[in-house]
Amino acid sequence: MAWIISINRDEEKGMMRRILVWGLAAVLALLLVGCEALDEADNVPLSERPIRVVATTGMVADIVQNVGGERVEVEGLMGPGVDPHLYKASAGDVNRLQAADVIFYNGLHLEAQMGKVFERMSGTDVVTVPVAENINPAELLAPPEFQGNYDPHVWFNVQFWMTAVEEVEAALAKMDPDHADVYAANAKAYLAELAALDAYVREQALRVPEDQRVLITAHDAFNYFGRAYGFEVRGLQGISTASEASTADMQDLARFIAERQIPAIFLESSVPPRTVEAVQAAVHDRGFDVQIGGELFSDAMGTAGTPEGTYIGMVRHNVDTIVGALLGE
Ligand code: ZN
């Protein structure tokens, strides 16, 4: 009996040793293949492989996907509900950024916590493109409370966002001139869709009588929207969500809503609802009831695979929600 057991133990040890050896060999093989794949990707000219792109917000990623088509592999950092003002790059993000051929970001200080990371990238061969920074500065808003920076929420003027599309096209064509015609054709098609979107938003806005075109949201994301499409805009928090609204701000806004008898105010998908709900309660205390008109996509798109998971879908959703609630439809 004892003899049989000892044989089995020896067999077991042998087997363990074999497993270890094969296991190690397998890990080594995987590492080698991994290095080779990486080397290959780095050595193959850009024109013969997809361009590795990292984009910050969903709106920026959407442009790159539309313009780059099959020529790009786009990784977006900030998913649905993520606030770009507060977003900090994780260690995994930094690795992704370093492995990219090109990083597209909004710029104008939207990704306020990522400035240092982008600075570090500028010394490497990773191309960095702030897509919103070629819009004519004379057209931009510079709210005094935003410390000398421009309002970064340019995507809500669809015509501004068309400029960002041109910026992406130019950057891709410069990196990969062999496929410049592909990028030009894709950009042309997408720009035509955006021109139609711009016309749609304008048309919908006009359904609301001018004196009722008042848009009140959680933070000041809609000033370009308001200026382009004729809405008076008030946000409870400022241009960035980094600053908290004070009780005085809340009472001011509540008084404004009650006095003007504004029928609806709006939540934003990337900002917690409590402040807007507190405004609603403060308006109620003044003897007027304002509805929550729905949720807008301000600084992040909706879930991938839904209409709101695209830039065009999010803009349509917003204007439909705003107009519907203000008209009491
Ligand atoms: Zn914002």
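Described in the following lines is the structure provided in the data block. Everything numeric in this text was worked out from a predicted model, so none of it was measured.

**Description of the sheet that holds strand β3 (residues 102–105)**
Link 1 in the chain: The sheet built from 4 strands is open, its strands ordered β2-β1-β3-β4 with parallel pairing. At either margin of the open sheet sits one strand with a lone partner, and together these are β2 (72–76) and β4 (127–130). Pairs of neighbouring strands in the sheet enclose a mean axial angle of 20°, with direction left out of account.
Link 2 in the chain: One ladder, built from 5 bridges, connects strand β1 (residues 51–55) with β2; its direction is parallel. Across the sheet, R52 pairs through a bridge with E73, a residue of β2.
Link 3 in the chain: Relative to β2, helix α2 (residues 58–68) is tilted by about 170°, and along the sheet it contacts β1, β2 and β3.

**Section: unusual backbone geometry**
Link 1 in the chain: If you check the backbone angles, L108 has positive phi at about 55° while not being a glycine.
Link 2 in the chain: For L108, the location among the structural elements is in the loop between β3 and α4 (115–121).
Link 3 in the chain: One non-glycine residue, Q261, lies in the positive phi region at around 50°.
Link 4 in the chain: On the secondary structure map, Q261 appears in the loop between α8 (247–260) and β7 (264–268).

**Notes on the coordination of the zinc ion**
Tetrahedral metal sites with four donors have an ideal angle of 109.5 degrees; octahedral sites with six donors have ideal angles of 90 or 180 degrees.
Link 1 in the chain: Taken together, the protein ligands of the zinc ion are H85 (NE2), H153 (NE2), H219 (NE2) and D299 (OD), with distances of 1.9 to 2.1 Å.
Link 2 in the chain: If you look at the zinc ion, its 4 donor atoms make angles of 95 to 124° with each other, and the shape they trace is tetrahedral.
Link 3 in the chain: When its relative accessible area of 0% is taken as the criterion, H153 is described as buried.

**Focus on the nonpolar core**
Taken as a class, soluble globular proteins show a tendency for nonpolar side chains to be buried jointly.
Link 1 in the chain: One finds F104, W161, F225 and Y311 to be the most contacted residues of the largest nonpolar core, which totals 67 residues.
Link 2 in the chain: Among the elements of the structure, β1, α2, β3, α5 (158–175), α6 (180–205), α7 (223–229), β7 and α10 (311–326) are those that each provide at least two residues to this core.
Link 3 in the chain: Residue contributions to this core peak at 11 residues, all from α5.
Link 4 in the chain: Dropping the residues within four chain positions of it, F104 is found in contact with V53, V54, A55, T56, V60, V64, V129, V131, V168, A171 and L172.

**Digging into the environment of D176**
Link 1 in the chain: Within the fold, D176 resides in the loop between α5 and α6.
Link 2 in the chain: The class for D176 is buried, based on a relative accessible area of 1%.
Link 3 in the chain: Taking the C-alpha atoms as reference points, D176 and R71, separated by 105 residues in sequence, lie 9.5 Å from one another.

Rules behind the numbers
- As a convention, each chain's residues are numbered from 1 in the sequence order in which they are written.
- Thresholds applied to this predicted model are a pLDDT of at least 70 for local features of residues and 80 or more for the giving and counting of side-chain atom pairs; totals over whole chains, interfaces and linings are not thresholded and use all residues.
- Excluding hydrogens and water, the side-chain values take into account all heavy atoms of the structure.
- Here, any two strands with at least 2 DSSP bridges between them count as paired.
- Numbering goes from the N terminus for both helices and strands, where a helix is a DSSP run of H or I of at least four residues and a strand is a run of E of at least two.
- Between N-to-C directions, angles cover 0 to 180 degrees, with each direction set by a line fitted to C-alpha atoms, over the stretch in contact for helices.
- For this analysis, residues touch if any pair of their heavy atoms sits within 4.5 Å.
- Keep in mind that water is not among the atoms, so a site may look incomplete; donors are the N, O and S atoms within 2.8 Å of the metal, or 3.2 Å for Na, K and Ca.
- Think of it this way: with four donors and all angles in the 85 to 135 degree range, the site is tetrahedral; with four or six donors, opposite ones beyond 155 degrees and the rest between 65 and 115, it is square planar or octahedral; otherwise it is irregular.
- Burial classes follow relative accessibility: with a 1.4 Å probe on protein chains only, a residue under 20% of its type's maximum area counts as buried, one over 50% as exposed, and anything between as partly exposed.
- By nonpolar core we mean a set of buried residues, namely Ala, Val, Leu, Ile, Met, Phe, Trp, Tyr and Cys, connected to one another through side-chain atoms within 4.5 Å.

Distances and angles like these do not, on their own, reveal function.
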